[in-house]
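Here are the chains, one letter per residue:
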Amino acid sequence: MTRPRNDNFIRALHREPTDHTPIWLMRQAGRYLPEYCETRKRAGSFLQLCKNPAMACEVTLQPLARYNLDAAILFSDILTVPDAMGLGLYFTEGEGPKFERPLREEWAIRDLTTPDPYDHLRYVMDGVCEIRRALHNSAPLIGFSGSPYTLACYMVEGASSSDYRRVKTMIYDRPDLMHKILSVTADAVIAYLNAQIESGVQAVMIFDSWGGGLSAAAYQEFSLQYMQRIVAGLIKEKDGERVPSIVFTKGGGLWLESIADIGCDAVGLDWTIDLGEARRRVGHKVALQGNLDPNVLFAAPDKIAVEAKKVLDSYGPGNTGHVFNLGHGISQFTPPEHVAVLVETVHDYSKGLRKI
């Protein structure tokens, strides 16, 4: 594994100097792009798109064809892991993901096992290989998984939820059952991410989308400790190159120091925390990724440029340790031309800051 020709993203994660602040966007391959919508239509459904390596490669590369992004991220879904565990993932138009067999009974939880990623998730590994070939090492490829707690939210609720009542009831009534789910899922995520690394991804990210909804004590016990276990179990070097890891807890700003201490290379931030303050708190330990409010992209182009510059100014001087991103996934309603303004602003303005 040699570093890609544009290695600014990898360098930033390692807190090495970069010639500009690298940028990629969570959900950068998605419904805001008309070409994505066309490919999804040809695939027949979202799940069929995820499970078709050639089409997954196609949509992974679409945003890089439009924009001068510094990394590609594997097109897939966090719920492929519980689907491989036999929960029966399906998507209902307008209602999002659902599971046919959510974990409600004790026997089902006790019977939960870790799937073989090279068997049950072979299509993901095939997609990684195809994307790497198509990239020709021009830019790095990011692999990812959901965190055990975030996956458990869907596995127990059976769908998205406004209050995650069933999950939290299990946490407080039957913590033994929740720990069983989280332990098996953590092992599954370790195997899954390591298989992605072996297949060719050059960095990995753990999405803890719902960990921020926990109490401080519950976050430590039911989310953070399992992400720490995953980070410890990851392949750290492949073919002579270090493989960096990013951990992102939406709403996790209160626990920033704890997250930075679990051994990851970078911490993702949502838009509710000041980036400069985050750098002062943990920037000596980890790189930081973030953290523009995704809704800024609905504003006029000149306002988008202003807000992007504010994020860069907030991070402060120096040319190490920052990956520009949104504070959460890009909205499907985002005008594609507004993304171009953001990417160009981040590149041009950050190059200027390095000359000061």
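Our structure's up above, just so we're on the same page.
Residues numbered from 1 in each chain as written. Predicted model: local features only at pLDDT ≥ 70, side-chain atom pairs only at ≥ 80, totals over all residues. Heavy atoms only, no water.

The first and last C-alpha atoms of helix α15 (residues 301-315) sit 22 Å apart over 15 residues, in line with the 21 Å expected at 1.5 Å per residue. Taken as a whole, α15 has its buried residues at Ile304, Ala305, Ala308, Val311, Leu312 and Tyr315. Projection of α15 onto a plane perpendicular to its axis shows the buried side chains occupying an angular sector of 120°, all on one side. Two residues or fewer after α15 comes Gly316, characterised by a positive phi angle close to 100°. (Helix = DSSP H or I, 4+ residues; strand = E, 2+ residues; numbered from the N terminus. Expected span 1.5 Å × (residues − 1). Buried < 20%, exposed > 50% of the residue type's maximum accessible area, 1.4 Å probe, protein only. Arc of directions from axis to C-beta.)

As a further point, take the pattern of salt bridges. Enumeration over the complete set of coordinates arrives at 22 salt bridges. Ionic pairing is found between Arg110 and Glu106, a salt bridge with its closest N-O pair at 3.4 Å. Taken as a pair, Arg110 and Glu106 lie in helix α6 (residues 106-110) at a separation of 4 residues, close to a single helical turn. We classify Glu106 as partly exposed; its relative accessible area is 35%. A salt bridge links Glu307 to Lys310, with the shortest nitrogen-to-oxygen separation between them at 3.1 Å. (Salt bridge = Lys/Arg side-chain N within 4 Å of Asp/Glu carboxyl O.)

Right, let's talk about the sheet that holds strand β11 (residues 322-323) for a bit. In space, the 7 strands of this open sheet follow the order β1-β4-β5-β8-β9-β10-β11, with parallel pairing throughout. Each edge of the open sheet is held by one strand with a lone partner, namely β1 (72-73) and β11. Pairing analysis gives 2 bridges linking β1 to strand β4 (residues 141-146), with the strands arranged parallel. Along β4, the bridge assignment pairs Ala72 with Leu141. (Pairing = 2+ DSSP bridges.)

Our next topic: helix α10 (residues 165-173). Those residues of α10 not exposed but buried are Val167, Met170 and Ile171. Around the axis of α10, the buried residues are gathered within 105° of arc, so they sit on the same side. In α10, the exposed residues that point more than 90 degrees away from the buried face are Arg165, Tyr172 and Asp173. The secondary structure elements touched by the buried residues of α10 are α6, α9 (148-157), α11 (175-199) and α12 (216-233). (Contact = heavy atoms within 4.5 Å.)

With that out of the way, let us pick up the packing of aromatic side chains. By the definition in use, this model includes 6 aromatic pairs. Judged by centre distance (4.1 Å) and plane angle (15°), the rings of Tyr219 and Trp255 are stacked. Taken together, the residues span a long stretch of sequence, with Tyr219 in helix α12 and Trp255 in the loop between β8 (245-249) and α13 (256-260) at a distance of 36 residues. Assessed through its relative accessible area of 10%, Trp255 is described here as buried. The rings of Tyr36, Phe46, Phe75 and Phe91 are connected pair by pair, giving a single aromatic cluster. (Phe/Tyr/Trp six-rings, centres within 6.5 Å; stacked < 30°, edge-to-face > 60°.)

Scope: geometric values only; no functional claims are made or implied.
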